[in-house]
Amino acid sequence: MQSDYSKIIDPVKLDRLAEIAVKVGLGLKMGQDLVLTASLSALPLVRRIAEQAYKAGAGLITPIFSDEELTLSRFHHAYEMSFDRAADWLYEGMAKAYTSGAARLAVVSDNPLLLAGQDQAKVARLNKAMSIAYQPALEKIAGFYINWNIISYPTSAWASLVFPDLSIVEATRALAEVIFTASRVNNDDPITAWANHNWQLKKRSTWLNNERFSALHFSGPGTNLTIGLADDHEWQGGASVSRNGVICNPNIPTEEVFTAPHAYRVEGHVRSTKPLSHQGTLIDGIFVKFENGQIVEAHADKGEVVLNELLDTDKGARHLGEVALVPHSSPISASGLLFYNTLFDENAACHIALGQCYSKCFHNGESLRDEEILVRGGNKSLIHIDWMIGSGNIDIDGIKADGSRVFVFRKGEWAI
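Since the structure is predicted, the reported quantities are computational estimates derived from the model, not experimental observations.

> Explain the nonpolar core to me, using residue names and the numbers behind them.
Counting 74 residues, the largest nonpolar core has L36, L45, I49, L105, V107 and F339 as the members making the most contacts within it. If we ignore the near neighbours within four places in the chain, the residues touching I49 are A18, A21, V22, L36, L105 and V107. Ranked by size, the runner-up nonpolar core spans 40 residues in total, among them I283, I286, L354 and W387.

Right, dumping it as structure tokens:
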């Protein structure tokens, strides 16, 4: 089995990906514990991550695995009330580990459309139950109390969606190469490559912070949207310092700079430019209308039931927690591929996120209490779900407090 696997995915590049996950993604410190979540299908990468983490001085690595067949078995055989339950005890335990100083790493590899053929009402109920149960752990992650990272592994089911015209073997090999390229491991010194990339993202976020825009205006086909920015907001991008003092890159790959919108200062309408793959359901053709920061109208060509269930998760689910800027020429966008995976697709286009904001997107956010973040316009919710609104046809203006405008994006590219 190992021999067959090694013929499909370059083992040297996979080792580099594991090293990047530990040294750049997590910045793992000597003696630090690690909670690692992944699908069983990602075991080859998980084993390499564990090796790299222990070499870096990890204390204890605790892997938590999922399995697609077990997930489907629930939908095929479980009794009705099962879909209103989630393992809250597990996420409380993860939150306890984070409180004690553990880092968190998630490997994304599942079939993005695993649940597309299942009862969408049950999918929506399960998503809500998971969101509620996950809250203790999410608070530690969204509040950036710990160093954390998300990285991807190519599986045949996912690869066949991205490359439907190739054989399973060729599709898996092709997806692996795309992941390696986007993750900057396709060279002999990926750590230096990441240092250079982080510097470029820092230049963008510094310019935006110096401009002190009070709002951003997005315009283009199907879109006329003004996003007010939270008071004392701060733009972030690339490497960040978590509250435990560790420098990490939460997302690999990443091409975005992002900040916190004001939860009650969003007006207008917007149409998605790429499908959103959420918990095994494809939500496509999203159109929403905002009034006073709240989504008051929402439609989707596909997955509308799941979209509206998400919006009804809690009060904050109809408000924004993030706005992110990504040029249309980003490497992931330039690939011309739809990944059905938010980690990749969000780095191909400007995007917004429903729900929870990040405390690090505020000046001195690490010292602010939850109430202080809310006063500044930050949003609180059980969910944080990114979806794409950028393209080569989108213009963005930065609006200052006096009403003056500055070009930020023109035709999907930075105007500065």
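Back to the write-up after that little detour.
> Can you break down the environment of M30 residue by residue, with the values?
Mapped onto the fold, M30 is located in the loop between helix 2 (11–26) and strand 1 (34–39). Overall, the relative accessible area of 70% leaves M30 in the exposed class. Here the alpha-carbon distance between M30 and Y54, two residues 24 residues apart in the chain, equals 9.1 Å.

> Could you give me a rundown of the pattern of salt bridges, with the residues and numbers involved?
One side chain can pair with another of opposite charge once the charged atoms of both are near each other. Considering all chains together, one arrives at 20 salt bridges under this definition. Close ionic contact of D188 with R16 constitutes a salt bridge, the shortest N to O distance being 3.1 Å. Taken as a pair, D188 in the loop between helix 8 (168–182) and helix 9 (190–211) and R16 in helix 2 lie far apart in primary sequence, 172 residues in all. What makes D188 exposed here is its relative accessible area of 73%. As a salt-bridge pair, D84 and R125 come within 2.8 Å of each other at their nearest N and O atoms.

> Report on helix 6 (residues 120–142), specifying residues and quantitative values.
In this model helix 6 runs just 27 Å from its N-terminal to its C-terminal C-alpha over 23 residues, more than 12% under the 33 Å that 1.5 Å per residue would give. Taking the largest bend as the criterion, helix 6 deviates by roughly 60°, centred on Q135, and proline P136 comes between one and four positions later. Two or three places before A121, at the opening of helix 6, D119 has a side-chain oxygen 2.9 Å from that residue's backbone nitrogen. Note on helix 6: the residue one or two positions beyond its end, F144, has a positive phi of about 55°.

> Could you give me a rundown of the environment of I146, with the residues and numbers involved?
As for its position among the elements, I146 is in the loop between helix 6 and strand 4 (148–152). Separated by 61 residues in the primary sequence, I146 and R85 have C-alpha atoms spaced 27 Å apart. Apart from residues lying up to four places away in sequence, I146 is in contact with Y98, A102, R104, K140, I141, S242 and N244.

> Requested: an account of the packing of aromatic side chains, with residues and values cited.
Considering all chains together, one arrives at eight aromatic pairs under this definition. Ring plane angle 90° and centroid distance 5.3 Å describe the contact between Y91 and Y134, whose orientation is recorded as edge-to-face. Placement of Y91 in helix 5 (residues 88–99) and of Y134 in helix 6 is noted, with a sequence separation of 43 residues between them. An identical accessibility class is assigned to Y91 and Y134; each is buried. Taken together through their ring pairs, the aromatic side chains of W158, F339 and F344 make up a single cluster. Residue placement shows R410 over the ring face of F407; its charged tip is 3.7 Å from the ring centre.

> Pulling in residues and values, what's your account of the pairing of strand 2 (residues 61–66)?
Along any regular strand, the residues point their side chains to alternate faces of the sheet. In this structure, strand 1 lies alongside strand 2, joined through six bridges in parallel fashion. In the sheet register, S39 faces strand 2, and the bridge partner there is S66. In this region the chain leaves strand 1, passes through helix 3 (residues 43–55) and returns to the parallel neighbour strand 2; the handedness of that crossover is right-handed.

> I'd like a rundown of the sheet that holds strand 20 (residues 413–414), residues and numbers included.
Two orientations exist for strands paired in a sheet by backbone hydrogen bonds: parallel and antiparallel. Strand order in the open sheet formed by eight strands is 14-13-10-6-5-18-19-20, and the pairing between neighbours is antiparallel. On the outer flanks of this sheet lie strand 14 (294–299) and strand 20, each paired with one strand and no other. In the sheet, strand 10 (residues 261–271) pairs with strand 13 (residues 287–291) via four bridges, with the strands oriented antiparallel. Along strand 13, the bridge assignment pairs H269 with K289. Helix-sheet contacts for helix 9 involve strand 19 (405–410) and strand 20, and the interaxial angle to strand 19 is about 155°.

> Describe the side chain of N379, naming the residues involved and giving the relevant values.
Relative to the elements of secondary structure, N379 occurs in the loop between helix 13 (370–375) and strand 17 (384–388). Only 3.3 Å separates the side chain of N379 from the backbone oxygen of H319, close enough to count as a polar contact. Not counting chain neighbours up to four residues away, the residues in contact with N379 comprise A263, G316, H319, L320, G321, G355, Q356, C357 and L374.

> So what's going on with the packing of helix 5 against helix 6? Residues and values would help.
Remark: helix 5 packs on helix 6, axes separated minimally by 8 Å, with the N-to-C direction vectors making an angle of 5°. One finds that helix 5 runs roughly parallel with respect to helix 6. Side by side, helix 5 and helix 6 meet where D88, Y91, E92, M94, A95, Y98 and T99 of the first sit next to M130, A133, Y134, P136, A137, K140 and I141 of the second. In terms of residue class, the contact of helix 5 with helix 6 is built from ten nonpolar, one polar and three charged.

> So what about the pairing of strand 13? Which residues, and what values?
Relative to strand 14, strand 13 runs antiparallel, the two being bridged by five bridges. Looking at the pairing, F290 lines up with I295 of strand 14.

Thresholds, definitions, all that
- Residues numbered from 1 in each chain as written.
- Predicted model: local features only at pLDDT ≥ 70, side-chain atom pairs only at ≥ 80, totals over all residues.
- Heavy atoms only, no water.
- Core = buried A, V, L, I, M, F, W, Y, C linked by side-chain atoms within 4.5 Å.
- Buried < 20%, exposed > 50% of the residue type's maximum accessible area, 1.4 Å probe, protein only.
- Contact = heavy atoms within 4.5 Å.
- Helix = DSSP H or I, 4+ residues; strand = E, 2+ residues; numbered from the N terminus.
- Salt bridge = Lys/Arg side-chain N within 4 Å of Asp/Glu carboxyl O.
- Expected span 1.5 Å × (residues − 1).
- Bend = angle between axes of the 7 residues up to and from the residue.
- Polar contact = N/O pair within 3.5 Å; in protein donor to acceptor, adjacent residues only side chain to side chain.
- Phe/Tyr/Trp six-rings, centres within 6.5 Å; stacked < 30°, edge-to-face > 60°.
- Lys NZ or Arg CZ within 6 Å of the ring centre and 35° of its normal.
- Pairing = 2+ DSSP bridges.
- Right-handed = clockwise from strand over helix to strand, strands pointing away.
- Axes fitted to C-alpha atoms, helices over the stretch in contact; angles between N-to-C directions.
- Parallel < 35°, antiparallel > 145°, perpendicular 65-115°, else oblique.
- Nonpolar A, V, L, I, M, F, W, Y, C, P; charged D, E, K, R; others polar.

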